[in-house]
Amino acid sequence: MLSENLNTPAHMPPVAAPGPPGSPVLGNLLASRRMDRLQYFAQAWQQYGDVMRLQMGPLPFHLLIRPEHVHHVLVKHVDNYPKGQGYNKLRLFLGQGLFTSEGPLWKRQRRLMQPPFTPRGVQQFATDMLRAINKTAERWQQVAESGQIIDVNEEMMRLAMNIIGRTMFGFDVGAEAKEAAKAFTLMLRFVGERSMSIIDIPLAIPTPQNRRVLKARETVNHFMDEIIAQRRQQAGERQDLLSILLNARDEETGASMDADQLRHEVLTIFFAGHETTAQALTWAWYLLSIHPLVTRKLHAELDNVLGGRLPTVADLPNLPYTCMVIEETLRLYPPVWGYVRDAKDEDVLDGYVIPAGSMVLVCPYLTHRHPEFWANPEAFDPERFTPERVAARPKYAYFPFGGGQRVCLGEKFAMLEAQLVLATLAQRFYPTLQPAFRPVPEAVASLRPRDGMPMRIQLRRAASTDASKN
Ligand code: HEM
């Protein structure tokens, strides 16, 4: 048994954490399904505090909010908190890709896939990113001139998908990618629903839902196979992630990666690499549209440093406010809003027992709103991310990219992409929200605006951009 009393006096016998009462068999399962999951967790947190026990059917489940508890689970006692059973449903679709695998396989694949994602490694992708961003700028120019209203969430999904396809796999995504993305969303919703259900009908039983989800899996797998097949036919040496995966050889046997593993890695990167960044950018446009003072400051920085030209990687250190706008967006709307781990052995946190075999949930969405670490937590204030204020906070008060050994592989890639998108598009355009529209965050797998983000694109200045000069 592990034991760590972080905030309570020693020698107190551990007790069960407080939590909402539930029914004898289902516990809190039905109540948590009656409303939006995040709303349910937020309300329960207000009532029961920073370590809270929920009963999801037969499974005890602890919601951990404090930064030191997040650190305890993700970093300090990471061996006691594997990804475990909470990811079994996701494994039906992502197999043993980097997001879902564990142990030696995870370690080997992480080491293999790391090089393009280092702070220096990601810089090679800036030109391809800017080329894709410029295509969006061209579309937005026409949209702005026509006065049309567009769904900025769809726009950001398309842009992020183009970027991930080109940079990681040298693949120009077309119309078929939209079908694959729709199929992937269906899979994620299925995983979300099934992760909180008691009766688990095996996929082999042909219920209408199972048939739909298997069809979706087929669509997605077919798309991944197409990306891989196209590369196999191409001559020439690209140095992207797909070539790393294709050229990898087992140290002992010399064998190349098997077809399933390859497809699962491509699938993991394709979807983990665009969905999250697209949601972050969508929320950034929303927040900017309702905070004119922040927008004015952002515009002033961009005009000052860039004066209408395209940003380069070398400009980014001179655009700190642009970066802070993104960081503050990720605080209020972390695309990965919460995730689970298994407790292998019994643990004690601040005097509360975490039973062996139960699950814990860390939740950036709530930790990022903890009033002890964030004054006026609901306010959008990028200045919270000045270096002095960051240094004054505990590290895990803010963890949109996770932490410890399973920290997001694509963090530097995502930050580079988000800064280039914002710096390029915000110079020329000012998206405004439809006056009566209020987006509703929906915690699917990522935190999405449930009904999209309908916006009108206003023009700020004319183009003087040329991606090939970068
Ligand atoms: C704003 C954008 C993004 C956010 C907020 C985000 C967030 C996260 C978080 C919180 C985790 C850890 C999950 C856990 O521990 O259970 C994670 C893992 C991961 N992310 Fe991201 N991510 C983003 C962008 C990306 C991009 C662009 C890529 C790839 C190009 C990527 C690839 C991955 C992979 C492969 C993992 C699993 C890493 C491992 O377990 O070793 N992510 N991400």
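Worth saying up front: this structure is predicted, and the values here are computed from it rather than measured.

Calculation notes
Numbers given for residues are sequential positions, taken from 1 along each chain in its written order. A pLDDT threshold of at least 70 governs which residues receive local features in this predicted model, and a stricter bar of 80 or more applies before side-chain atom pairs are shown or counted, although totals over entire chains, interfaces and linings include all residues. Excluded from the side-chain calculation are hydrogens and water; included are all heavy atoms of the structure. Only a single heavy atom is needed: when it lies within 4 Å of a molecule or strand, its residue is near that molecule or strand. By the criterion applied in these results, polar contacts are pairs of N or O atoms within 3.5 Å in which, for protein atoms, one can donate a hydrogen and the other can accept it, and in which residues neighboring in sequence qualify only through two side-chain atoms. Secondary structure elements follow DSSP: runs of H or I of four or more residues count as helices, runs of E of two or more count as strands, with numbering from the N terminus. Three categories are distinguished: nonpolar for Ala, Val, Leu, Ile, Met, Phe, Trp, Tyr, Cys and Pro, charged for Asp, Glu, Lys and Arg, and polar for the others, with Gly belonging to the last. By this definition, two strands are paired if DSSP reports at least two bridges between them. Helix axes are fitted to C-alpha atoms over the stretch in contact, other axes to C-alpha atoms as well, and angles between N-to-C directions run from 0 to 180 degrees. It only takes one pair of heavy atoms within 4.5 Å for two residues to be counted as in contact. A pocket, in this scheme, is an open set of points on a 1 Å grid over the protein atoms alone with protein on both sides within 12 Å along at least 5 of 7 lines, while a cavity is a set where a 1.4 Å probe fits but cannot get out; residues line either one if an atom lies within 4 Å of a point. Grid points are joined across faces, edges and corners, and a volume is the space filled by probe spheres set on the points. To estimate the expected span of a helix, subtract one from its residue number and multiply by 1.5 Å. In what follows, a disulfide is any cysteine sulfur pair within 2.5 Å. For each residue, the accessible area found with a 1.4 Å probe, counting protein chains only, is set against the maximum for its type, and the residue is called buried under 20%, exposed over 50%, and partly exposed in between. Definition used for salt bridges: Asp or Glu carboxyl oxygen within 4 Å of a side-chain nitrogen of Lys or Arg. Coordination here is defined by N, O and S atoms within 2.8 Å of the metal (3.2 Å for Na, K and Ca), and since water is not considered, a site can look incomplete.

**Remarks on the site of the ligand**
Thought 1: Every one of the 27 residues lining the ligand counts as a neighbour, but Trp106, Arg110, Arg341, Arg406 and Cys408 are closest to it.
Thought 2: Contact distances for the ligand include 2.7 Å between an oxygen atom and a side-chain N or O atom of Arg110.
Thought 3: In the model, an oxygen atom of the ligand is placed 2.7 Å from a nitrogen or oxygen of the Arg341 side chain.
Thought 4: Every element with two or more residues in the shell around the ligand is listed here: helix H5 (103-113), helix H11 (259-272), helix H12 (275-289), strand E4 (339-342) and helix H17 (411-428).
Thought 5: Tallied by class, residues from the shell around the ligand come to 18 nonpolar, five polar and four charged.

**As for the sheet that holds strand E8 (residues 429-433)**
Thought 1: With respect to topology, three strands assemble into an open sheet ordered E3-E11-E8, the strand pairing being antiparallel. Strands at the two margins of the open sheet, each flanked by one partner only, are strand E3 (149-151) and E8. Between one strand and the next, the sheet's axes are offset by a mean angle of 45°, whatever the strand orientation.
Thought 2: Alignment of E8 against strand E11 (residues 454-459), held across five bridges, turns out to be antiparallel. Residue Phe429 lies in a different strand from E11, and its bridge partner there is Leu459.
Thought 3: Across the face of the sheet, helix H7 (residues 152-169) comes into contact with E3 and E11 while running at roughly 55° to E3.

**Things to note about empty space enclosed by the protein**
Thought 1: Following the criterion strictly, the structure yields one cavity of 30 Å³ or more and no others.
Thought 2: Taken as a whole, the largest cavity holds about 30 Å³ of empty space.
Thought 3: Trp285, Leu288, Thr295, Leu298, His299, Ala426, Phe429, Tyr430 and Pro431 are the residues that line the largest cavity.
Thought 4: Here the residues of the lining of the largest cavity sort into seven nonpolar, two polar and no charged.

**A closer look at helix H6 (residues 126-146)**
Thought 1: End to end, H6 covers 30 Å across 21 residues, agreeing with the expected 30 Å (1.5 Å per residue, within 8%).
Thought 2: Directly beyond the C-terminal end of H6, a positive phi value near 75° is found at Gly147.

**A word on the state of the cysteines**
Thought 1: Counted by the stated rule, this structure contains zero disulfides.
Thought 2: For the unlinked cysteine Cys323, the closest cysteine sulfur is that of Cys408, found at 15 Å.
Thought 3: Since its relative accessible area comes to 19%, Cys323 is described here as buried.
Thought 4: Of the residues examined, Cys408 reaches a relative accessible area of 32% and is grouped as partly exposed.

**Thoughts on the pattern of salt bridges**
Thought 1: Under the defined criterion, the tally for this structure stands at 23 salt bridges.
Thought 2: A salt bridge links Arg166 to Asp172; the shortest N-O distance between them is 2.7 Å.
Thought 3: For Asp172, a relative accessible area of 56% gives the class exposed.
Thought 4: Of the charged contacts, one joins Glu179 and Lys182 as a salt bridge, the two residues approaching to 3.6 Å between their closest N and O atoms. Of the two residues, Glu179 and Lys182 are both situated in helix H8 (residues 176-194); the distance of three residues between them amounts to about one turn of the helix.
Thought 5: Residues joined in a network through salt bridges with shared partners are Asp50, Arg66, Glu68 and Glu372.

**Thoughts on the coordination of the iron atom of the ligand**
Octahedral six-donor coordination of a metal ideally yields angles of 90 or 180 degrees, compared with 109.5 degrees for tetrahedral four-donor coordination.
Thought 1: Among protein residues, the single donor to the iron atom of the ligand is Cys408 (SG), with a metal-donor distance of 2.3 Å.
Thought 2: Along the chain, the position of Cys408 falls in the loop between helix H16 (387-391) and H17.

**A word on unusual backbone geometry**
Thought 1: For Asp350, which is not a glycine, the phi torsion comes out positive at approximately 50°.
Thought 2: Take Asp350: its relative accessible area is 8%, and that puts it in the buried class.

**Some words on the sheet that holds strand E1 (residues 51-56)**
Thought 1: In space, the four strands of this open sheet follow the order E1-E2-E7-E4, with mixed pairing throughout. Across the chains shown, the open sheet's two edge strands, defined by having one partner strand only, are E1 and E4. Adjacent strand axes in the sheet meet at a mean angle of 30°, parallel and antiparallel pairs treated alike.
Thought 2: By the bridge criterion, six bridges tie E1 to strand E2 (residues 59-64) in an arrangement that is antiparallel. Its bridge partner being in E2, Met56 is matched across the sheet by Leu59.
Thought 3: Lying on the sheet, helix H2 (residues 37-48) is in contact with E1, E2 and strand E7 (359-362); it crosses E1 at an angle near 130°.
Thought 4: Each of E1, E2, E4 and E7 is contacted by helix H3 (residues 67-76), which is oriented at about 55° to E4, the strand it contacts most.

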